[in-house]
Number of protein chains: 2
Amino acid sequence: MPSDHTDQIDIPIEAATCQPRLDGAAGQRLSDEDAARLATRFKALGHPVRVQIVDILARSDREVCVCDIEQYFSLSQPTISHHLKVLREAGYVQAEQRGLWVYYTLAPGGGAELRALLRSLPA
Amino acid sequence: MPSDHTDQIDIPIEAATCQPRLDGAAGQRLSDEDAARLATRFKALGHPVRVQIVDILARSDREVCVCDIEQYFSLSQPTISHHLKVLREAGYVQAEQRGLWVYYTLAPGGGAELRALLRSLPA
DNA sequence: GGGTTATATCGAAAAACGTCAATATAGTTT
DNA sequence: AAACTATATTGACGTTTTTCGATATAACCC
C-alpha cells in the first residue's frame, strides 16, 4: 500500500526546545542607558494631564502662560507645577520667565516629533 | 508742547495680566478620553524593561519565544511575564502559544510606528 | 494515569507616583 | 520697605507600580 504513515508522527512539536535563536542568545540590542532614557521620555507622557499640557502647547502658535494652563484643569497649582517639571526634565518643554509669569513652549527640535506622537494614537 | 512724556511709563510690564489668550480660555483641545488613551499607551513604554522587550521584538524578523526574552534580563520569570502582559494589554505585542511555548511578535499595524518611536530618542 | 516543563496568576512587600496644603521664592506695585 | 502676586518647592498621605516566591494552568512525554 502507498505510504500513509509518513514518519512525521513522532517528531515532537518543536524538537523539545523552543526554536533556537540565530544570534548568540544576547545579540545586538538597545543599551541599558538608551532603554532607560527612552523609558524616561515615554513615562513623562504617561499621564493624561501631561499629555493634555503637551497638546495645549502643540496647538498653540505662541508661548502659553502657566496661569492659562492651569485654567484647563481642576487641579491644584502645585500639581500643575509638578507635571510641568516632569515635562521640563524629560526635555519636552521649555520655560521662560518674564515678570511674574512663566511661559512654556515645546522644546525646540522635538516639536514636529511630538505632534506626530500625539497623532500616533487618535488616528 | 510736543509729547515727550509719552504715557507708557507707568504701563506695568504685562498690563497686570498675563498675555490674554485669543480663544476663550478653553479652546479646542484633546478630549479627556483621547488624552487618557494616549497616556495609557505611553505609560506602557515607560519602563526600561518594556522598552527593551519591544526593541528585541522590533529587531527580530521572526517571533520570539518568552524563554528567549527571559535570557536578556536578570529578572524573575513572573516579572517578565508581568511586563509582557502590560505590553499585550496596551496593544503593542501579540502572543501565540504553540506547544509549551509562547511566542511574541509586535502587534500588526503598529510595527513601523513602534520602530519609529524607538528611534525617536537615540537619534 | 503521573511526571516534567513553560508560562501565567496570586499575594505581599518595597518603591515610585499623584495630589494637596503649607511654605518658600522671586518678581512687582505702592 | 511692606504688601501683593505667580510659580516652585517641601512634606505628608493614599494609590499604583515593580518585584519576588509560591502556586496554578496547560501542554507535553512516558
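That block above? That's the structure.
A brief look at the structure comes next. Just so it is clear, the structure is predicted and the values come from calculations on it, not from any experiment.

### Describing the pattern of salt bridges
Residue and element names in this part refer to chain A.
- Within the structure shown, the criterion is met by eight salt bridges over all chains.
- Taking the shortest distance from any N to any O, the salt bridge between E63 and R98 comes out at 2.6 Å. One end of the pair, E63, is in the loop between α2 (48-59) and β1 (64-65); the other, R98, is in strand β2 (residues 93-98), with 35 residues separating them in the sequence.
- For E63, a relative accessible area of 25% puts it in the partly exposed group.
- Put simply, E96 and R98 hold a salt bridge, and the shortest N to O gap is 3.4 Å.
- When its relative accessible area of 41% is taken as the criterion, E96 is described as partly exposed.
- Of the residues examined, R98 reaches a relative accessible area of 26% and is grouped as partly exposed.

### Some details on the packing of α2 of chain A against helix α5 (residues 111-119) of chain A
Residues and elements named next belong to chain A.
- At a minimum axis separation of 10 Å, α2 and α5 run at an interaxial angle of 125 degrees. Between α2 and α5, the angle falls in the class oblique. At the point where α2 passes α5, the crossing takes the left-handed sense. On α5, the residues that touch V51, V54, D55, A58 and R59 of α2 are L114, R115 and L118.

### Details of the environment of K43 of chain A
- As for its position among the elements, K43 of chain A is in helix α1 (residues 32-44).
- Residues K43 of chain A and V86 of chain A, 43 residues apart in the sequence, show an inter-C-alpha distance of 9.4 Å.
- Residues contacting K43 of chain A, with those up to four places away along its chain left out, are R50 of chain A together with G46 of chain B.

### Notes on the pairing of strand β2 (residues 93-98) of chain B
Residues and elements named next belong to chain B.
- The pairing of β2 with strand β3 (residues 101-106) spans six bridges and is classified as antiparallel. Bridged to R98 within β3 is W101.
- Taking the residues that link successive antiparallel strands as the turn, the β2-β3 hairpin has two residues, and the phi of G99 there is positive, at about 65 degrees.

### Focus on α5 of chain A
- Among all positions in α5 of chain A, only G111, L114, L117 and L118 of chain A are buried. Down the axis of α5 of chain A, the buried set is contained in an arc of 120 degrees. They therefore lie on one face. For α5 of chain A, exposure combined with an orientation more than 90 degrees from the buried face picks out A112 and R119 of chain A.
- Check the buried side of α5 of chain A and you find it contacts α2 and β3 (101-106) of chain A together with α1 (32-44) and α5 (111-119) of chain B.

### Considering the packing of aromatic side chains
Residue and element names in this part refer to chain B.
- The tally for this structure, following the rule as stated, stands at one aromatic pair over all chains.
- Directly above the ring of Y92 sits R41, whose terminal nitrogen or CZ lies 4.2 Å from the centroid.
- R98 extends its terminal NZ or CZ atom over the ring of Y103, reaching a point 4.5 Å from the ring centre.

### As for the environment of S81 of chain A
Residues and elements named next belong to chain A.
- Here S81 is to be found in helix α4 (residues 77-89).
- Judged by relative accessible area, which is 34%, S81 ranks as partly exposed.
- Residues S81 and V66, spaced 15 residues apart in sequence, show a C-alpha to C-alpha distance of 8.3 Å.

### What to know about the nonpolar core
- With 60 residues, the main nonpolar core has I69 of chain A together with I69 of chain B as its most contacted residues.
- The contact partners of I69 of chain A, leaving out residues within four places of it in the chain, are I53, L57, V64, I80, L84 and Y104 of chain A.

Cut-off values and rules
- Residues numbered from 1 in each chain as written.
- Chains lettered and ligands numbered in written order.
- Predicted model: local features only at pLDDT ≥ 70, side-chain atom pairs only at ≥ 80, totals over all residues.
- Heavy atoms only, no water.
- Salt bridge = Lys/Arg side-chain N within 4 Å of Asp/Glu carboxyl O.
- Helix = DSSP H or I, 4+ residues; strand = E, 2+ residues; numbered from the N terminus.
- Buried < 20%, exposed > 50% of the residue type's maximum accessible area, 1.4 Å probe, protein only.
- Axes fitted to C-alpha atoms, helices over the stretch in contact; angles between N-to-C directions.
- Parallel < 35°, antiparallel > 145°, perpendicular 65-115°, else oblique.
- Left-handed = near helix turned anticlockwise from the far one by under 90°.
- Contact = heavy atoms within 4.5 Å.
- Pairing = 2+ DSSP bridges.
- Arc of directions from axis to C-beta.
- Phe/Tyr/Trp six-rings, centres within 6.5 Å; stacked < 30°, edge-to-face > 60°.
- Lys NZ or Arg CZ within 6 Å of the ring centre and 35° of its normal.
- Core = buried A, V, L, I, M, F, W, Y, C linked by side-chain atoms within 4.5 Å.

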